[in-house]
Amino acid sequence: EDSKLKSWVKYGADTHFPIQNLPFGVFSTKDSGPRCATAIGDYVVDLSVLASMGVLPEEVKSVFGSDTLNAFMAKGKPVWSKTRKALQEFFSDKTKAPPNDPKRPFLIPMKDATMHLPCRVGDYTDFYSSRHHATNVGIMFRGKDNALKPNWLHLPVGYHGRASSVVVSGTNVTRPRGQIKPDPNGPPVFSECKKLDFELEMAFFVGTGNKLGSPIPIEKANDHIFGLVLMNDWSARDIQKWEYVPLGPFLAKNLATTISPWIVTMEALQPFRVANEKQEPQPLPYLRDPSLTAYDIKLEVNIQGPEAKESSLISKSNAKYLYWSFTQQLAHHSITGCNMRTGDLLGSGTISGPSEGEYGSMLELSWGGKKEVKLPDGSTRTFLKDGDTVTMTGFCQGQGYRVGFGECTGKLLPALK
């Protein structure tokens, strides 16, 4: 059905933003401040202009002039759907009269737009939901027999992260300093991080929340999820190793978390649902999702060193490798009655596949730094070097079209002296 949709806006079959996608974000230009947008082809679409033209539903008339999507997200799923449908009708090549104003003030070339964080991030939680990743890390730290902790197959393990350092794609990241323990028998030292890593993740934004004391039941969880972004959870492995017992990651993760600027809706991802890996043992009833689903989102990580002419592919993975689903993560997070709020960000954890080329972190690719990873440009890495630019991309492949996420990119700057 979706593959038949065509638009009067011209774009190629490999664009991440065809009429089938229509993600949401926030942009500015050199002449005007941040406001809400969608994307089609190579254009950013100013939703505040479309609203003033009367193209969009009455319910969203006043929300798109804002510099965040929070007000729109809080409207709930029926309004998100109605808005997306109105946009698809407006941009469809079957539309009775595409606006004949040759200037089309609502279309801004992407190259003229600066993207911002799409919404005000409330709380940020990071899960650990890829079995391959958790197993690899477990083997490295604890050995094969004790790779997965006893709780891992029973609940989506997670921790509360730091929302203030979530940044939009394109933001530079400074190598952190902190306590590390290079000599297992010696005292800790204060040093710049020597083992800085990326983590390839997806994350979802909560659209509508729940009242304190009232959990979100799993069969309703999907209606609370506004959409997905790509996420790079920058990680200081040597700081992490010394600090993480007994309460888990703290400073190792709070230096920066980069997300892609366009939130892709669950509706746009609907055609790319695939069966989830069989969950054994069967989860407890509150985690049993009658329509348990994974998403076939092809993911890539590229690294470009400061001297390199172009970037090198270092990993290819897929969101379908997540053991615990987004709905299970949300149901679990709120089962205590914890109140989720519009704009809360929930990361999936590093997404690694079964084979070596599908590992979602340098920690795994270099097996804890024991192995040099060769890049096509001839250089090698165990962890990231100063000046490296890490770029993540992801898309779903439909028949003759893609639904994509654009890029999630960040450049690593040297530690402060």
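Data block above holds the structure.
Quantities reported herein were computed from a predicted structural model and do not represent experimental measurements.

### Regarding the pairing of strand S2 (residues 35-40)
A large share of S2 lies buried, amounting to six of its six residues. Pairing between strand S1 (residues 24-28) and S2: four bridges, direction antiparallel. For Val26, the partnering residue across the bridge sits in S2 and is Cys36. As consecutive antiparallel partners, S1 and S2 are separated by six residues. With four bridges connecting them, S2 and strand S3 (residues 43-46) associate as antiparallel partners. By the bridge assignment for S3, Ala37 is matched with Asp46. Two successive antiparallel strands, S2 and S3, enclose a turn made up of two residues, where Gly41 displays a positive phi of approximately 60°.

### Structural notes on the sheet that holds S3
Strand order in the open sheet formed by five strands is S4-S3-S2-S1-S5, and the pairing between neighbours is antiparallel. The sheet terminates laterally at strand S4 (107-109) and strand S5 (114-116), the two strands that pair on one side only. Averaged over all pairs of adjacent strands, the angle between strand axes in this sheet comes to 50°, irrespective of strand direction.

### Quick notes on the side chain of Ser315
By secondary structure assignment, the location of Ser315 is in strand S21 (residues 312-318). Residue Ser315 is classed as buried on the basis of its relative accessible area, which comes to 1%. Reaching out from Ser315, the side chain makes a polar contact with the backbone oxygen of Tyr359 at a distance of 2.6 Å.

### Observations regarding the sheet that holds S21
Strand order in the open sheet made by the five strands is S9-S26-S25-S20-S21, with mixed pairing throughout. Both edges of this open sheet fall to strand S9 (173-174) and S21, since each of them pairs with a single strand only. Sheet topology note: the strand S20 (residues 298-304)/S21 ladder contains six bridges and is antiparallel. When the sheet's bridge partners are listed, Val301 is paired in S21 with Ser315.

### Things to note about the environment of Pro376
Examined against the element boundaries, Pro376 turns out to sit in the loop between strand S23 (373-374) and strand S24 (380-381). In this structure, the C-alpha to C-alpha distance between Pro376 and Ser317, residues 59 residues apart in sequence, is 19 Å.

### Considerations on the side chain of Thr327
If you trace the backbone, Thr327 turns up in helix H8 (residues 326-334). Residue Thr327 is classed as buried on the basis of its relative accessible area of 9%. A polar atom in the side chain of Thr327 sits 2.9 Å from the side chain of Ser325. Apart from residues lying up to four places away in sequence, Thr327 is in contact with Ile218, Ala221, Asn222, Ile225 and Asp289.

### Brief notes about the packing of aromatic side chains
Across all of its chains, the model carries 17 aromatic pairs by this definition. Here Tyr323 and Trp324 contribute two aromatic rings whose centre-to-centre distance is 5.3 Å and whose plane-to-plane angle is 80°, an arrangement assigned as edge-to-face. With relative accessibility at 0%, the residue Tyr323 sits in the buried group. Here the guanidinium or amino end of Arg402 rests over the ring plane of Phe395, the centre of that ring lying 3.9 Å away.

### Quick look at the pattern of salt bridges
Following the criterion strictly, the structure yields 19 salt bridges and no others. The salt bridge partner of Lys417 is Glu192, with a shortest N-O separation of 3.9 Å. Placement of the pair is Lys417 in the segment after strand S26 (402-413) and Glu192 in strand S11 (residues 189-192), with a sequence separation of 225 residues. Looking at Lys417, the relative accessible area reads 85%, which means it is exposed. Assessed through its relative accessible area of 29%, Glu192 is described here as partly exposed. A salt bridge links Asp233 to Lys253, with the shortest nitrogen-to-oxygen separation between them at 3.6 Å. Within this pair, whereas Asp233 is found in strand S14 (residues 225-233), its partner Lys253 is found in the loop between helix H6 (237-243) and strand S16 (257-259), the two being separated by 20 residues in sequence. Judged by its relative accessible area of 0%, Asp233 falls in the buried class. One salt-bridge network, held together by shared partners, links Asp197, Glu199, Asp233, Arg237 and Lys253.

### Digging into unusual backbone geometry
A cis amide bond links Val245 with the next residue in sequence, Pro246, at an omega value of 5°. Position of Pro246 among the secondary structure elements: in the loop between H6 and S16. In this model, Glu280 is joined to Pro281 through a cis peptide bond whose omega is 0°. Checked against the element boundaries, Pro281 lands in the loop between strand S18 (273-274) and strand S19 (294-295). At Trp367, a residue that is not glycine, the phi angle is positive and equals roughly 45°. Here Trp367 is to be found in the loop between helix H9 (362-365) and S23. Overall, the relative accessible area of 26% leaves Trp367 in the partly exposed class.

### Observations regarding the state of the cysteines
Across all of its chains, the model carries zero disulfides by this definition. Of all cysteine sulfurs, the one in Cys408 lies closest to Cys193, which takes part in no disulfide; the gap is 18 Å. Residue Cys193 is classed as buried on the basis of its relative accessible area, which comes to 1%. Free of any disulfide, Cys338 has its nearest neighbouring cysteine sulfur in Cys119, separated by 17 Å. For Cys338, a relative accessible area of 25% puts it in the partly exposed group.

Reading the values: rules and limits
- Every chain is numbered on its own, with residues counted from 1 as its sequence reads.
- pLDDT decides what is reported in this predicted model: residues at 70 or higher carry local features, side-chain atom pairs at 80 or more are listed and counted, and totals for whole chains, interfaces and linings draw on all residues regardless.
- As a convention, hydrogens and water are excluded, and side-chain values are obtained from all of the structure's heavy atoms.
- A simple rule labels every residue: compare its accessible area, found with a 1.4 Å probe on the protein chains alone, to the largest value its type can have, and call it buried under 20%, exposed over 50%, or partly exposed in between.
- In this text, helices come from DSSP runs of H or I with a minimum length of four residues, and strands from runs of E with a minimum of two, each type numbered from the N-terminal end.
- Strands are treated as partners if at least two bridges between them are detected by DSSP.
- With axes taken as lines fitted to C-alpha atoms, and helix axes fitted only over the stretch in contact, angles between N-to-C directions fall between 0 and 180 degrees.
- We define a polar contact as two N or O atoms separated by no more than 3.5 Å, with the added condition that, inside protein, one atom must be a possible hydrogen donor and the other a possible acceptor, whereas residues neighbouring each other in sequence contribute only through side-chain atom pairs.
- We call two residues contacting when some pair of their heavy atoms lies within 4.5 Å.
- Whether two aromatic rings pair depends on their centres lying within 6.5 Å, for rings of Phe, Tyr and Trp, where Trp uses its six-membered ring; planes under 30 degrees apart make the pair stacked, over 60 edge-to-face, and the rest tilted.
- Whether a charge lies above a ring is judged from NZ of Lys or CZ of Arg, which has to be within 6 Å of the ring centre and within 35 degrees of the ring normal.
- Here a salt bridge means any side-chain nitrogen of Lys or Arg lying within 4 Å of a carboxyl oxygen belonging to Asp or Glu.
- Sulfur atoms of two cysteines make up a disulfide when they are within 2.5 Å.

Geometric descriptors of this kind do not, in isolation, establish any biological role.
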